[in-house]
Every structure is written in structure tokens, then in C-alpha cells.
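Observations on the three-dimensional arrangement
Spelled out, the chains give:
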Amino acid sequence: MTGKRPQTRLDARYSDETATATPWPEAEALLETAELFWISTVRPDGRPHVTPLPAVWSAGALHFCTGPQERKARNLARNAHVVLTTGTSTWDKGYDLVVEGEAARVTDDGRLRELAAAWEAKYGEFWRFAVRDGCFHHGAGPAYVFSVAPRTVFGFGKGEPFSQTRWRFDLEEH
């Protein structure tokens, strides 16, 4: 957890009358346990790029890895804005989350070792990474690790009651 609590708001325009805002700790628990995320980045010509990947929630941010020559890494080198989504593929049950933020590369080997342990704990031995020279290493070569601290997160409750909650992290505290 970041320690900083987001501003939470239910959007009544897209929520049933009986809906209430989802508390941030519930959304955070979903981010911790979700196995698959979809990442959206922007190509140099402005077209979107979307692909699935595993991610780890740690210290108030989502973390993912990618090879330096993969499309998402090349896109992030030019534009760090990113969206990560997770949820269910049903329309009437479950909960979907959309995390907006900027991807920042993690290069500290100590922090990378912590994240490598988190990957293996969450996803199993297949996702065991060695850490050196500011990268994960696994079979095909180095992988950059990125951290995305959320600026805004949207939560979509599906079924009874339908709801839309927004958590904002980028507001100055007064």
C-alpha cells in the first residue's frame, strides 16, 4: 500500500440507485490477486497497442516486465502513459478494474529481487527471474521491469447492483 488514500467517488450516472462506492482496500485486494492484465500503450504513430501480461501489485503500484525490443517497451520509451485493466469477461457478474498511470522503469537490483520473489510467489516457478544489471533475466534475455503507480483507477461492479467507482490519487492533499 502507498499509505496515501485516494479520493473515492461513486458515479451515480453509471450506478444502480442502491450501489455504494467500493472501498479502496477491496479494489486493492483484487489487484493483488488478479492473474491477467491487459496493458494499453501508444505507438509512435498514435495507434493503440494492447496485449495481455501478468503483473504484480506491490508497494502501491502494479509491476510488469517486458523485453527491451518488445512493442510495449518501445512504446513506453516514447510515451510513459499506460492503462492496465483486469476483471472478468462477463457483463452481469464480477468486477473490472482500469488503472491509469505512467510507467517508470525499476532498475535497483535490490527492489528487482523483491519483485522477482513476488512474481514467483504469485505465478509459480515458471516465472522465476534472475536479477542483474537492472533487469530481470529469464531464458530469452533481459526484461525491463516497470512500475505503474495509479493516478486514477476505475472500478466497475457488474450485476446487482451495477456500480462505477473512481479512485483518484493525483489530487493534492489539503
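Residues numbered from 1 in each chain as written. Predicted model: local features only at pLDDT ≥ 70, side-chain atom pairs only at ≥ 80, totals over all residues. Heavy atoms only, no water.

1. A look at a nonpolar patch on the surface
On the surface, L36, W38 and V50 cluster together into a nonpolar patch covering about 290 Å² of accessible area. The topology assignment puts L36 in the loop between α1 (24-33) and β2 (37-42). (Patch = residues over 30% accessible without salt bridge, like charges linked within 9 Å, V, L, I, M, F, W, Y side chains within 5 Å. Areas by Shrake-Rupley, 256 points an atom, 1.4 Å probe, with all protein chains shown as cover. Salt bridge = Lys/Arg side-chain N within 4 Å of Asp/Glu carboxyl O. Helix = DSSP H or I, 4+ residues; strand = E, 2+ residues; numbered from the N terminus.)

2. A look at helix α3 (residues 109-123)
Helix length check: α3, at 15 residues, gives a terminal C-alpha distance of 20 Å against a target of 21 Å (1.5 Å per residue), a fit within 8%. Within α3, burial applies to L112, L115, A116, W119 and Y123. For α3, the buried positions fall inside an angular range of 105° around the axis, keeping them on one side. Backbone nitrogen of G110 and a side-chain oxygen of the N-cap are separated by 3.2 Å at the start of α3; the cap is D108. G124 occupies a position one or two residues after α3 and carries a positive phi of about 100°. (Expected span 1.5 Å × (residues − 1). Buried < 20%, exposed > 50% of the residue type's maximum accessible area, 1.4 Å probe, protein only. Arc of directions from axis to C-beta. Polar contact = N/O pair within 3.5 Å; in protein donor to acceptor, adjacent residues only side chain to side chain.)

3. Re the pairing of strand β7 (residues 94-106)
Here six bridges tie strand β6 (residues 81-86) to β7, and the two strands are oriented antiparallel to one another. Within the sheet, the bridge partner assigned to T85 lies in β7 and is V98. Bridge count between β7 and strand β10 (residues 142-158): 13 bridges; the pairing is antiparallel. By the bridge assignment, A104 is partnered in β10 with S147. (Pairing = 2+ DSSP bridges.)

4. Considerations on the pairing of strand β3 (residues 48-53)
Side chains H49, T51 and L53 project from β3 onto a buried face, and the interleaved P48, V50 and P52 project onto a face without burial. Relative to β3, β2 runs antiparallel, the two sharing six bridges. Its bridge partner being in β3, S40 is matched across the sheet by V50. From the end of β2 to the start of β3, which pair antiparallel, there are five residues, and G46 there has a positive phi angle of about 95°.

5. A word on the nonpolar core
Of all hydrophobic cores here, the largest spans 23 residues; its most connected members are W24, L31, F37, L62, F64 and W167. Listed by contribution, the elements that provide at least two residues to this core are α1, β2, β5 (61-66), β6, β7 and β10. Looking at this core, the element that brings in the most residues is β7, giving four residues. Among all residues touching F64, those that are not within four sequence positions of it are I39, L53, P54, A55, L76, A103, W119, Y144, V145, F146 and V148. Grouped together as the second largest cluster of nonpolar side chains are 13 residues, V106, A116, V131 and V145 included. (Core = buried A, V, L, I, M, F, W, Y, C linked by side-chain atoms within 4.5 Å. Contact = heavy atoms within 4.5 Å.)

Keep in mind these values describe shape, not function.
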